[in-house]
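# Summary of structural features
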Amino acid sequence: MADTVQDMETDGAKIDEALYSRQLYVLGHEAMRKMMASSVLIVGLRGLGVEIAKNVVLGGVKSVTLYDPAPATLADLSAQFFLREEDVGKRRATATAPRLAELNQYVPVAELEGDLTADAIASFGIVVVTGAPLGEATRINEACRKSGGRFILADTYGLFGGLFCDFGAAFEVVDADGEEPVSGMLTSVSQDEEGIVTMHDETRHGLSDGDHVCFTEVQGMTELNGSGSRPIEVLGPFSFSIGDTSGYGAYTSGGYMHQVKQKQSVSFLPLPQALAAPDFLVSDFAKFERPMQLHLGFQALDAYRSAHGQLPPPSDAAAAAEVLTRARELPGAVESLGAAGSPEAEASERLLRNLASGARGELAPMCAIFGG
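Reading the values: rules and limits
Residues numbered from 1 in each chain as written. Predicted model: local features only at pLDDT ≥ 70, side-chain atom pairs only at ≥ 80, totals over all residues. Heavy atoms only, no water. Helix = DSSP H or I, 4+ residues; strand = E, 2+ residues; numbered from the N terminus. Buried < 20%, exposed > 50% of the residue type's maximum accessible area, 1.4 Å probe, protein only. Contact = heavy atoms within 4.5 Å. Areas by Shrake-Rupley, 256 points an atom, 1.4 Å probe, with all protein chains shown as cover. Lys, Arg positive; Asp, Glu negative; His and termini not counted. Charge placed at Lys NZ, Arg CZ, Asp CG, Glu CD. Salt bridge = Lys/Arg side-chain N within 4 Å of Asp/Glu carboxyl O. Phe/Tyr/Trp six-rings, centres within 6.5 Å; stacked < 30°, edge-to-face > 60°. Pairing = 2+ DSSP bridges. Expected span 1.5 Å × (residues − 1). Patch = residues over 30% accessible without salt bridge, like charges linked within 9 Å, V, L, I, M, F, W, Y side chains within 5 Å. Axes fitted to C-alpha atoms, helices over the stretch in contact; angles between N-to-C directions.

This part covers the overall build of the chain. Secondary structure summary: the chain contains twelve helices and 17 strands in total. In the chain, which comprises 372 residues, the proportion classed as buried is 41%. A separation threshold of at least 6 residues defines the contact pool for the chain, and within that pool the share at least 24 residues apart is 64%. Summed over all atoms, the accessible surface of the chain reaches about 19500 Å², with 53% contributed by carbon and sulfur. A gap of 8 Å separates the mean positions of the 28 positive and 50 negative side-chain charges of the chain.

Below, the structure is given as structure tokens:
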């Protein structure tokens, strides 16, 4: 087996190119190096937690640590595929760790057996939390903020679910869209203050204002070659401006434009601020109000769990009514859920009743969507 594995030295770490060939093709070596340097803590090991843990281990991170001291229940077997009937009553993390470790020999999997203190949290670069009350999630988020770690909160409630990410106040994004950099052939570059670049008639440049480009193989205006990247202003689908070129030689022929991706700094809000002023990733513009309604519903479910020690029972009308009442007590409820008796209110009430009625359910396909 050792004779067929090609290892690549990368900053002191080895990448097994036979094992990670597809991943390397999609992510590239730089992203793979960052993954291999990441220590991950996963809190909560029901269906969603174990789905995340499985994918992280297969991804090839530096290490994975599990935390879930709760005993496994018979209901966990519906979606937690590493638990068996004989594991009921055992700590979820204890029963899951050895089976996760079998997935990838390069990733050590351990259990955090002590308390989940701020010092323990600070030893991990990434913390993923599932199934935790908002109060506990906020405490973990604050510890991650102080230590400079990345925080992800994920939950599913039957056919509903949500994700929250806090990667710090200044998170550096190397590639904002993940698309391949565009390039194209030039037909002319004006010798003036605007520096208008015209592309080949059959090649739309595909750029946006503020994008950066560089040039190669330009004849005549050779100053552009190897001059580094420069921002552009789009003038049309086949032309853009690069600024003053009046001091350069006259363009004669040839040349190629290449887009140069720029790093961006993104600021994330901590969990308490994001709960008060959420910024949603909208996927269905026909239901633009839906994310805020569910945001209120998830908080109402958390309030119900704090009061009763568990999520609402399945199809319990009284419990669903209590969740709806708690949702209406939250800031912004009137605007998002509609005034009582209105058609909007009827639709939002139906949504939240469905959310409450199935909140205890854990469906493997939903875990795969949010955990993948």
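Back to the write-up after that little detour.
Moving on, we get to the pattern of salt bridges. The tally for this structure, following the rule as stated, stands at 16 salt bridges. The shortest N-O distance in the salt bridge between R99 and D87 comes to 2.5 Å. Taken as a pair, R99 in helix α4 (residues 92-101) and D87 in the loop between β4 (63-67) and α4 lie far apart in primary sequence, twelve residues in all. Pair check on accessibility: R99 and D87 agree, each one buried. A salt bridge links K263 to E172, with the nearest nitrogen and oxygen atoms 3.7 Å apart. With K263 in the loop between β16 (256-260) and β17 (264-266) and E172 in strand β9 (residues 171-173), this pair connects stretches of sequence that are 91 residues apart. The partly exposed category is assigned to E172, whose relative accessible area is 46%. Among the charged side chains, a salt-bridge network with shared partners connects R46, D68, D76, R92 and E362.

Moving on: the environment of A317. Mapped onto the secondary structure, A317 falls in helix α9 (residues 317-328). In this structure the C-alpha to C-alpha distance between A317 and S357, which are 40 residues apart in sequence, comes to 7.7 Å.

For the rest of this paragraph, the subject is α4. Note that an α-helix has 3.6 residues per turn; residues three or four places apart therefore point the same way. Taking burial as the measure, the ten residues of α4 include seven buried ones, the bulk of the element. Close packing links the buried residues of α4 with α3 (47-59), β4 and β5 (109-111).

Attention shifts here to the packing of aromatic side chains. Inspection of every chain in the model, using the stated rule, returns seven aromatic pairs. Relative to F298, the ring of Y157 lies with its centre 5.3 Å away and its plane at 35°, an arrangement referred to as tilted. Separated by 141 residues along the polypeptide, Y157 in strand β7 (residues 150-157) and F298 in helix α8 (residues 290-308) bring together distant segments of the chain. By the burial criterion, Y157 is buried, and F298 matches it. A connected cluster of aromatic rings, assembled from ring pairs, spans F167, F171 and F268.

With that out of the way, let us pick up the sheet that holds strand β13 (residues 230-231). Across a sheet, paired strands are connected by hydrogen bonds in the backbone, their directions being either parallel or antiparallel. The seven strands are arranged β13-β12-β16-β10-β11-β15-β14 in an open sheet whose pairing can be described as antiparallel. The sheet terminates laterally at β13 and β14 (233-236), the two strands that pair on one side only.

Before going further, it helps to spend a moment on helix α6 (residues 134-147). For α6, built from 14 residues, the straight-helix expectation of 20 Å at 1.5 Å per residue is met to within 8% by its first-to-last C-alpha distance of 20 Å. The secondary structure elements touched by the buried residues of α6 are α5 (118-122), β6 (126-130), β7, β8 (160-166), α7 (271-276) and α8. A positive backbone phi angle near 85° is found at G148, which sits one or two residues after α6.

Turning to the pairing of strand β12 (residues 212-216), a few remarks are in order. Note on strand geometry: in a regular strand, side chains alternate between the two faces of the sheet. Bridging between β12 and β13 involves two bridges; their strand directions are antiparallel. From the neighbouring strand, H212 faces β13, where its bridge partner is P231. With five bridges connecting them, β12 and β16 associate as antiparallel partners. Along β16, the bridge assignment pairs F215 with M257.

A contiguous patch of negative charge on the surface is contributed by E193, E194, D209, E233 and D244. Summarising the element assignment, E194 is placed in the loop between β10 (183-189) and β11 (196-199). The class for E194 is partly exposed, based on a relative accessible area of 44%.

Further remarks concern the sheet that holds β5. Pairing in this open sheet of six strands is mixed, and the strands run β5-β4-β3-β6-β7-β8 from one edge to the other. Both outer strands of the open sheet, β5 and β8, are each paired with one neighbouring strand and no more. Direction aside, the axes of adjacent strands within the sheet are offset by 15° on average. By the bridge criterion, four bridges tie strand β3 (residues 39-43) to β6 in an arrangement that is parallel. Considered in β6, the bridge of V43 is made with V129. Packing of helix α12 (residues 364-371) onto the sheet brings it into contact with β7 and β8, and relative to β8 it is tilted by some 20°.

The subject of this paragraph is the pairing of β14. When β14 meets strand β15 (residues 239-241), the two strands line up antiparallel, connected through three bridges. Each bridged residue has a counterpart across the sheet, and for G236 the counterpart in β15 is S239. Taken together, β14 and the strand that follows it, β15, pair antiparallel across an intervening segment of two residues.

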